[in-house]
Amino acid sequence: MDYFESGYFKYKGNQLFCEDIPLIEIAEELGTPTYVYSKSFFIDRYNEFDKAFAGFDHQIFFACKSNFNLSVIKAFIDAGSGVDVNSEGELIRAMKAGASSRKLIMSGVGKTQSEIKLALENDLLMIKAESEEEILLINEIAGSLNTTARVAIRVNPDVDAKTHPYISTGLAKNKFGVDASTALRLFKMQKYLRNIKYTGIDMHIGSQITKVEPFVEAIEKLGELFLKVKSEGIALEHIDLGGGIGVAYNNEKTFSIEEYAKAVMPVLKKLNCKAFFEPGRYLTANGGILIAQVLYTKKNLDKNFIITDGAMNDLLRPSMYGAYHHVQPLTLTKNKNDITADVVGPVCESGDFLAKNVRITECRRGEYIAVLSTGAYGMVMSSNYNMRRRPAEVLVEGKNFKVVRRRETFEHLLKDEISLL
Ligand SMILES: Cc1ncc(COP(=O)(O)O)c(C=O)c1O
């Protein structure tokens, strides 16, 4: 099999390391399944992104839905990032991690009254509204709080991001945003909205987009709308391109951040406003792995199974999207054959797999494996299905590592069930 390595996860001798830490050390000390993140990866990706837009007025808001561990959010804040939150829970997390209100923005197609109130009470830089009813509600709540809400309208540019249908969000048939002509009408309502100040236009056309063309097509449409809004005498301050930049999970060809900047910059320059970005996956996916232990191996007729203690409740992406994650051993052993196998978990579903029909070095009971590229939409999508405790999370920085979230305990899982009938 091919062993995937990067500057952050690589073999030294026969051991897979994260930065300067042999992962076997973490597995043996903390048990498995455990997520391990490289802090240097996060910071390097952030700095690369920031540098690609150097000289242009911009702000990056880390989309913490991709990885909302407090220490991960803090790493981005310390690097200079703002934070994009998608719920009141994420807002609470981002504030706890130290985000300042003026570097926080809120997304969400279905914000509740209490979410809008929390955002306004904390004076967030901007709320992205996705419908007329939401705009009216924001105006009403801002009025009751005697404040002015800074609002951007999320526009659905009806562009095909050519990604998995579940993470495609910029087509007219998707639930997100409003179409451009509705947006223009809503912007024109500015004079009647006493407690709203429109500050920008926003889009997010999908996730894991591997070509720049959909971004260019969408930003051109948004640019046209931006200029129309301006001609109505409404001066917007920013245009928000959302997230969506794809990463390599296998051998996909993606584009570099410099190519992305080069593609969108001509439109941005024409608009003479600040650019906002909300990357999630780009900043986190390849900075994390899930380590798990092999519980059993077996062969049913011709089919090999490697049964691990990591399961769909820990990493949902393979079951949910058929997503590919490379699986390889933590320790390389000589004289082992490659086999074709399914790497599965203990959950009672045939959909419980981490990898399907993959070439992998034979594993034995007790050995450890690494599931790569799981820093984004991994832990955040985990659940307690089958009453399984969610994994621990570890952040590595050079020669040091810290447990940044302990493995759940059964007491913790039972504590909210207070009475037996
Ligand atoms: C509004 C919004 N912004 C940003 C993101 C981050 O996307 P990605 O992780 O693809 O960069 C998402 C993801 O769903 C989103 O919904």
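Bear in mind that the values here come from a model prediction, so they are computed numbers and not experimental data.

About the cut-offs
- Residues numbered from 1 in each chain as written.
- Predicted model: local features only at pLDDT ≥ 70, side-chain atom pairs only at ≥ 80, totals over all residues.
- Helix = DSSP H or I, 4+ residues; strand = E, 2+ residues; numbered from the N terminus.
- Buried ≥ 20, exposed ≤ 12 C-beta atoms within 10 Å, placed from the backbone.
- Near = placed C-beta within 6 Å.
- Nonpolar A, V, L, I, M, F, W, Y, C, P; charged D, E, K, R; others polar.
- Domains from an automatic or database assignment.
- Contact = placed C-beta atoms within 7 Å.
- Expected span 1.5 Å × (residues − 1).
- Arc of directions from axis to C-beta.
- Core = buried A, V, L, I, M, F, W, Y, C linked by C-beta atoms within 7 Å.
- Pairing = 2+ DSSP bridges.
- Axes fitted to C-alpha atoms, helices over the stretch in contact; angles between N-to-C directions.
- Parallel < 35°, antiparallel > 145°, perpendicular 65-115°, else oblique.
- Left-handed = near helix turned anticlockwise from the far one by under 90°.

Focus: the overall build of the protein chain
- A count of helices and strands for the protein chain gives twelve helices and 20 strands.
- The principal-axis extent of the C-alpha atoms belonging to the protein chain is close to 75 × 60 × 40 Å.
- Counting all 421 residues of the protein chain, 47% fall into the buried class.

Overview of the site of the ligand
- As a structural note, the neighbourhood of the ligand is formed by 17 residues, with A63, S207, G243, G280 and R281 the closest of them.
- Of the residues that constitute the shell around the ligand, the class distribution is five nonpolar, eight polar and four charged.

Overview of the domain arrangement of the protein chain
- Structurally, the protein chain comprises domain 1 (9–38 + 285–414) and domain 2 (107–279).
- The C-alpha centroid of domain 2 is placed 36 Å from the C-alpha centroid of domain 1.
- Residue-level contacts link eight residues of domain 1 with five residues of domain 2.
- Each residue belonging to the side of domain 1 that touches domain 2 can be placed in one class, and the counts come to four nonpolar, four polar and no charged.

Regarding helix α6 (residues 132–144)
- With 13 residues, α6 extends 19 Å from end C-alpha to end C-alpha; this agrees with the ideal 18 Å at 1.5 Å per step.
- Of all the positions in α6, only E134, I135, I138, N139 and A142 are classed as buried. Across the axial projection of α6, the buried residues extend over an arc of 140 degrees, all falling on one side. Set apart from the buried face of α6 by more than 90 degrees, the exposed residues are E133 and S144.
- For α6, the secondary structure elements touched by its buried residues are α5 (113–121), β8 (126–129), β9 (149–154), α7 (180–188) and β10 (196–202).
- Following α6 by one or two positions, N146 adopts a phi angle in the positive range, close to 60 degrees.

A few points about the nonpolar core
- Among the nonpolar cores identified, the biggest contains 117 residues, and I291 and V343 are the most heavily contacted of them.
- Counting contributing residues per domain, this core is built from domain 1 (9–38 + 285–414) and domain 2 (107–279), each supplying no fewer than three.
- With residues near it in sequence (within four places) discarded, V343 still touches I306, T308, V327, F353, L354, A355, V358, I360 and I369.

A word on the sheet that holds strand β3 (residues 21–22)
- Read across the sheet, three strands follow the order β1-β2-β3 without closing on themselves; strand pairing throughout is antiparallel. At either margin of the open sheet sits one strand with a lone partner, and together these are β1 (9–12) and β3.
- Pairing geometry for strand β2 (residues 15–18) and β3, over two bridges, is antiparallel. Counted as the bridge partner of C18 is I21 from β3.

What to know about the pairing of strand β4 (residues 34–38)
- The buried fraction of β4 is high, at five of five residues.
- Alternating residues of β4 divide into T34, V36 and S38 and Y35 and Y37, and every residue in both groups is buried.
- Where β4 meets strand β13 (residues 288–300), four bridges bridge the pair, whose relative direction is antiparallel. Each bridged residue has a counterpart across the sheet, and for T34 the counterpart in β13 is I291.

Thoughts on the environment of E213
- Structurally, E213 is set in helix α8 (residues 213–231).
- Residue E213 is classed as partly exposed on the basis of its 14 C-beta neighbours within 10 Å.
- In sequence terms E213 and L236 are 23 residues apart; their C-alpha atoms lie 25 Å from each other.

Brief notes about the pairing of strand β14 (residues 303–308)
- One ladder, built from six bridges, connects β13 with β14; its direction is antiparallel. Within the sheet, the bridge partner assigned to Y296 lies in β14 and is I307.
- Linking β13 back to β14 in an antiparallel pair, the connection comprises two residues, with L301 at a positive phi of about 50 degrees.
- Pairing of β14 with strand β16 (residues 338–344) involves four bridges; the strand directions are parallel. Residue N304 lies in a different strand from β16, and its bridge partner there is A341.

Some words on the packing of α5 against α6
- One can describe the packing of α5 onto α6 by two numbers: an axis separation of 10 Å at closest approach and a directional angle of 55 degrees. By the angle between their directions, the pair α5 and α6 is classed as oblique. In the packing of α5 onto α6, the handedness of the crossing is right-handed. Across the interface between the two elements, Q113, I116, K117 and L120 from α5 touch L137, I138, I141 and A142 from α6.

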